[in-house]
Amino acid sequence: MSLKLGSMTVQAPAAGPSGVPIAEDEEYYSSWSLFLVCLLLIISLWTSYYLQIKRIRAIHETLVAIFAGMFVGLVVRLAPGTMIREMLTFKHTLFFNLLLPPIILNSGYELKQENFFRNFGSILTFAFLGTTISAVGVGVLVYLYSFLGLESLDLTLLECLIFGSTLSATDPVTILAIFQQYKVDPKLYTIIFGESLLNDAVSIVMYETLTQFHGTEIYFSSVFHGIGIFLLSFSVSMALGVSFGLAMSLVLKHSSLSLYPSIESCLVALCAYTCYFFSNGISMSGIVSLLFCGITLKHYAYHTMSRKTQRTTKYIFSTLAQLSENFIFIYLGLSLFTSPPSAERVTNYVKPIFIAVTTVAVVFTRYAAVFPLSEAINFFTKYARGQRTEELPHSYQMMLFWAGLRGAVGVALAAGFKGDNAQTLRTTVLVVVVLTVIVFGGTTARMLEILGIRTGVEDEAASSSDEDEPAGRGPGSGRRITGGWSRYAENMHYFSASQQGYGRAAGRIGTHYAPSYNHQAQAESSPIVNNVFSAASSDSFESDAEILPMATASADPEAQAEAGQEQGTATVGEDGKWFQTLDERYLLPLFSNATASRTFHARRARRNASYSAH
């Protein structure tokens, strides 16, 4: 048997005495497989570049990646030989251990904490209740279809619920990328983004909980037992992530690792990955642990890192996440043709009617989850909080519904299916995921225009602008002083650690007390919102050069009062003040640096703003 590649004919690998391919031949074919993957990644990234410079928004790079993967997968499927096809087959271990962690870590590390925790109630509602409605709804509808006896499907209720849990994981990477290009309202972006993060974790925990009952008798008490396992797993996983992040913060604070940025950067990344694998190793949710580890690292450890480590972690995590996202979509396209076994007939595992019913069930349950829950959130904010405007208007609800496309997490979970119908269920999940990405992801830009959702909105309060503005050119010229102090302190390696710490502290003091510093001018570029996290947390590249936006920009009392009313309806309110006080008084001084001066000047800015309002 031979494989023809262009004008070159390659013989199939010879098998050893035990039937295992010879190492040299396996390395040879793995090189061709990796070459195809790298080539597809290059095509995907160049397509992204071309679409952006030409401002073509009707087509997104993820769609190109899927179709390119499908084309290469079809060619590999039709070609003789099976080595390359087996190497390009979707493997859930590769997905969970290599591709998913960079995306989750970057999501937690780059999370706009103000917006996220301001809308935390809505995010939790959709992530927990919405995922449950979707999983149970899809499972029940598929179970009812199996009763009809069409296409020779015989599924138990537990198998259908497990199947529904895999298809409850949303992955709106395409939609969120389009949102970033259009600069959609940050509130809508944050809710969809936050839901997708927690939704993946919830669906995985739900899947693992349901699989524990496989092959056992199910009673009514099993429901409460499953809920208990689910809540325990989620809580312990979150605690693990926060613990690892706080431990890394203490290590950075009480050591001189800032003198060795390369080692410091490696330790920060290894801390996050260790947390993920340890959580998975003790049968908890690694996604939840890694997400909250990333949030904790950014909130506490980021301000104790050297500026080189801040930049390094920022760019490395972002780059790895982008590569992983593109590779996942290519992987999905390849898997449509490389995953099904070649020994069986196509009709044995491809059930067109079952695929159509499942797709309709996914869309219907998404509708049944989004709109009732949105109305419940609007009712609560209107009557419990006295909010005049709707928390989620109808256009936002439609966009939330449209953002319910399924992702690769479901495909990876489907690899664990067991039983006679396992291959049919895997193929169905894969086809439904690809269909939802193409249909919903490909029409997002048009839906934004139809629904009239605000675009071109600058999220100044939570944006990372320090790296974009050169030092000394921002609203506060104190940045130039801080940058000089920080570079001086970092370059003087012959100073002791305590002397260098004094230099950094002096740099921070220079930022706040520079004669040309104007806090009101800084506030104009970053209006304050009352968020659940304290003022010391900010999405900036340089903590030493950071000036906190702690006062409202307007000097007009009426404008300030009006802005306060608008922001008061969108913030966490009184519920988040206890954590903010606890964070500023105890947690930040214990785990982070530069807290006392930041908090002092933040409170003084608030007092000045209140005095000017009166």
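The structure this text deals with has already been given above.
Residues numbered from 1 in each chain as written. Predicted model: local features only at pLDDT ≥ 70, side-chain atom pairs only at ≥ 80, totals over all residues. Heavy atoms only, no water.

### Some remarks on the overall build of the protein
Put simply, the rule is: Labels follow the DSSP assignment, with helices taken as runs of H or I lasting at least four residues and strands as runs of E lasting at least two, numbered in each case from the N terminus. Relative accessibility under 20% of the residue-type maximum defines a buried residue, over 50% an exposed one, and the middle range a partly exposed one, all with a 1.4 Å probe and only protein chains included. We call two residues in contact whenever any of their non-hydrogen atoms come within 4.5 Å of each other. Methods summary: accessible areas were calculated by the Shrake-Rupley approach with a probe of 1.4 Å, and residue burial reflects only the protein chains presented.
Looking only at helices and strands, the protein features 24 helices and two strands. Across the 614 residues of the protein, 52% fall into the buried class. Sequence separation of at least 24 residues holds for 82% of the intrachain contacts in the protein that already meet a minimum separation of 6. Total accessible area on the protein is roughly 27700 Å²; 63% of this is exposed by carbon and sulfur atoms.

### With respect to the nonpolar core
Here is the rule: Throughout this description, the term nonpolar core refers to a set of buried Ala, Val, Leu, Ile, Met, Phe, Trp, Tyr and Cys residues connected via side-chain atoms within 4.5 Å.
One finds Phe-95, Phe-163, Phe-179, Leu-188 and Phe-417 to be the most contacted residues of the largest nonpolar core, which totals 132 residues. Here this core takes 14 residues from helix 9 (residues 186-211), the largest share from any one element. Contacts of Phe-163, omitting those with residues within four sequence positions, involve Val-138, Val-142, Phe-354, Thr-358, Phe-417, Leu-425, Thr-428 and Val-429.

### Remarks on the environment of Leu-167
By secondary structure assignment, the location of Leu-167 is in the loop between helix 7 (157-166) and helix 8 (173-182). Taking relative accessible area as the criterion, Leu-167 reaches 0% and is therefore assigned buried. Taking C-alpha positions, Leu-167 is 7.4 Å from Val-362, a pair spaced 195 residues apart along the chain. When sequence neighbours within four positions are dropped, the list of residues in contact with Leu-167 reads Ser-134, Val-138, Thr-358, Val-362, Arg-406, Val-429 and Val-432.

### Looking at the pattern of salt bridges
Put simply, the rule is: The salt bridge criterion pairs a side-chain nitrogen of Lys or Arg with a carboxyl oxygen of Asp or Glu, the two atoms within 4 Å.
Scanning all chains against the criterion turns up five salt bridges. Put simply, Glu-391 and Lys-187 hold a salt bridge, and the shortest N to O gap is 3.4 Å. Residue Glu-391 is located in the loop between helix 14 (352-383) and helix 15 (394-402), and its partner Lys-187 is located in helix 9; the two are separated by 204 residues in the primary sequence. Exposure class is identical for Glu-391 and Lys-187. Each is buried. Note that Glu-195 is salt-bridged to Arg-366, the shortest N-O span being 2.8 Å. Note that Glu-195 is positioned in helix 9 and Arg-366 in helix 14, a separation of 171 residues in sequence. The same class applies to Glu-195 as to Arg-366, namely buried.

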